[in-house]
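The chain contents come next:
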Amino acid sequence: MFADLIQRWEELLASGPLPVIRQVDLPGEGPLVVLRQAAARVGAPRILLSAGIHGDEPAGTECLYEKIKQDRLSPAVEWIIVPFLNPGGLRMGTRENPRGLDLNREFLRDQTVEIGFYKETIPAQGPYDLMLSLHEDWEFQGSYLYEINTGKRPSMAEGILNLLAAETGLAEAEVIDDHKPILPGLIVHDPVADEPENWPEAIFMIHQQPLLSYTLETPSQAPLPKRVQCMHGVIDYCAERLVCETGR
Ligand SMILES: [Zn+2]
């Protein structure tokens with residue numbers, strides 16, 4: 001369903017836009033790849049950007065394609081980028097990978113090539129000052145945000161929510177995925193998995209290092225360019241805030 005997106009990514013990767021930290025090809029599906037954009041200055045803050053773990057959520061992968069193709073990532077930050085972790089699912093437009101697994105519940109186990117690839121590559125590139133994981137949701141008309149903060153950094157949630165409110169509006173439900181938002185569209189989550197055996201990416205990373213982590217969910221019902229725009233804004237905002245706050 002989003003096969004053209006993977007195809008465009010393959011063409012972009014072939015043009016060598018950024019150094020590849022690691023690449024593994026899944027035959028018939030596409031590459032797993034981690035990219036790095038160095039910062040202009042030594043000691044700059046480091047952000048982990050991740051998207052495309054659910055194959056029915058193309059906006060994050062599309063946004064990162066534009067960011068890299070158009071050279072739009074801030075040089076004030078070092079970026080470690082996982083543009084998609086489920087190329088087979090994206091091709092088919094399914095949440096799960098072609099083996100029928102929800103990869104964002106597989107981080108405690110070691111039974112998938114995709115998550116094995118992530119676990120062997122991403123923690124070793126840290127420590128990260130911020131993690132931003134880009135998702136989408138069919139269930140709500142507005143965007144929402146998960147925050148986990150063990151990194152002792154000031155929260156960026158309010159600024160992010162302002163951006164989301166302006167672009168797509170915020171999810172107004174009183175309960176979102178069994179969580180009660182503390183503000184419209186904001187779920188502050190403990191560093192503990194909802195289902196003890198089924199760890200998502202953010203919980204895995206929180207167990208690697210103290211971290212400020214945001215999982216962004218834009219509404220699949222909104223037009224794709226709007227969702228992509230929303231993600232551009234959040235990425236840029238987080239980079240700017242981090243540079244300001246760390247003074248690095
Ligand atoms: Zn998702």
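None of the values given here were measured: they were computed from a predicted structure. (Residues numbered from 1 in each chain as written. Predicted model: local features only at pLDDT ≥ 70, side-chain atom pairs only at ≥ 80, totals over all residues.)

**Description of the packing of helix α1 (residues 3-14) against helix α2 (residues 59-69)**
Contact geometry for α1 and α2: axes closest at 11 Å, N-to-C directions at 25 degrees. When the axis of α1 is compared with that of α2, the two are roughly parallel. Crossing hand, α1 versus α2: left-handed. Residues Leu5, Arg8, Trp9 and Leu12 of α1 form the contact with α2, whose own contacting residues are Thr61, Glu62, Tyr65, Ile68 and Lys69. (Axes fitted to C-alpha atoms, helices over the stretch in contact; angles between N-to-C directions. Helix = DSSP H or I, 4+ residues; strand = E, 2+ residues; numbered from the N terminus. Parallel < 35°, antiparallel > 145°, perpendicular 65-115°, else oblique. Left-handed = near helix turned anticlockwise from the far one by under 90°. Contact = placed C-beta atoms within 7 Å.)

**Considering the pairing of strand β3 (residues 46-51)**
β3 sits mainly inside the fold: six of its six residues count as buried. Residues Arg46, Leu48 and Ser50 point to one face of β3 and Ile47, Leu49 and Ala51 to the other, with burial holding for every one of them. The sheet contact formed by β3 and strand β4 (residues 78-82) spans five bridges and is parallel. By the bridge assignment for β4, Ser50 is matched with Val82. By the bridge criterion, five bridges tie β3 to strand β5 (residues 130-137) in an arrangement that is parallel. Across the sheet, residue Leu49 finds its bridge partner in β5, namely Leu132. (Buried ≥ 20, exposed ≤ 12 C-beta atoms within 10 Å, placed from the backbone. Pairing = 2+ DSSP bridges.)

**Focus on helix α4 (residues 113-121)**
Buried within α4 we find Glu114, Ile115 and Tyr118. The buried residues of α4 occupy one face: seen down the axis, they fall within an arc of 90 degrees. At its buried positions, α4 is contacted by β2 (30-37) and β4. (Arc of directions from axis to C-beta.)

**Things to note about unusual backbone geometry**
Cis rather than trans, the peptide bond between Gly126 and Pro127 has omega equal to 0 degrees. For Pro127, the location among the structural elements is in the loop between α4 and β5. Even without being a glycine, Lys152 presents a positive backbone phi close to 55 degrees. In this fold, Lys152 is placed in the loop between β6 (144-149) and α5 (157-167). A positive phi angle, close to 70 degrees, is found at Asp178, a residue other than glycine. With respect to the secondary-structure elements, Asp178 resides in the loop between α5 and β7 (186-188). We classify Asp178 as exposed; it has 7 C-beta atoms within 10 Å.

**Remarks on the sheet that holds strand β8 (residues 212-219)**
Taken together, eight strands build an open sheet; the order of strands is β1-β2-β4-β3-β5-β8-β6-β7 and the sheet is mixed. The sheet is open, and its two edges are formed by β1 (20-26) and β7, each paired on a single side. Shown here is a sheet whose adjacent strand axes are inclined to one another by a mean of 15 degrees, direction ignored. Contacts from α5 reach β6, β7 and β8 within the one sheet, and its direction differs from that of β6 by about 170 degrees.

**Some details on the pairing of β6**
In the sheet, β6 pairs with β8 via six bridges, with the strands oriented antiparallel. When the sheet's bridge partners are listed, Glu147 is paired in β8 with Tyr214. Pairing geometry for β6 and β7, over three bridges, is parallel. When the bridges of β7 are listed, Leu145 appears paired with Leu186. Where the polypeptide runs from β6 across α5 and back to β7, its parallel neighbour, the crossover connection is right-handed. (Right-handed = clockwise from strand over helix to strand, strands pointing away.)

By themselves, these are just geometric observations and shouldn't be taken as functional.
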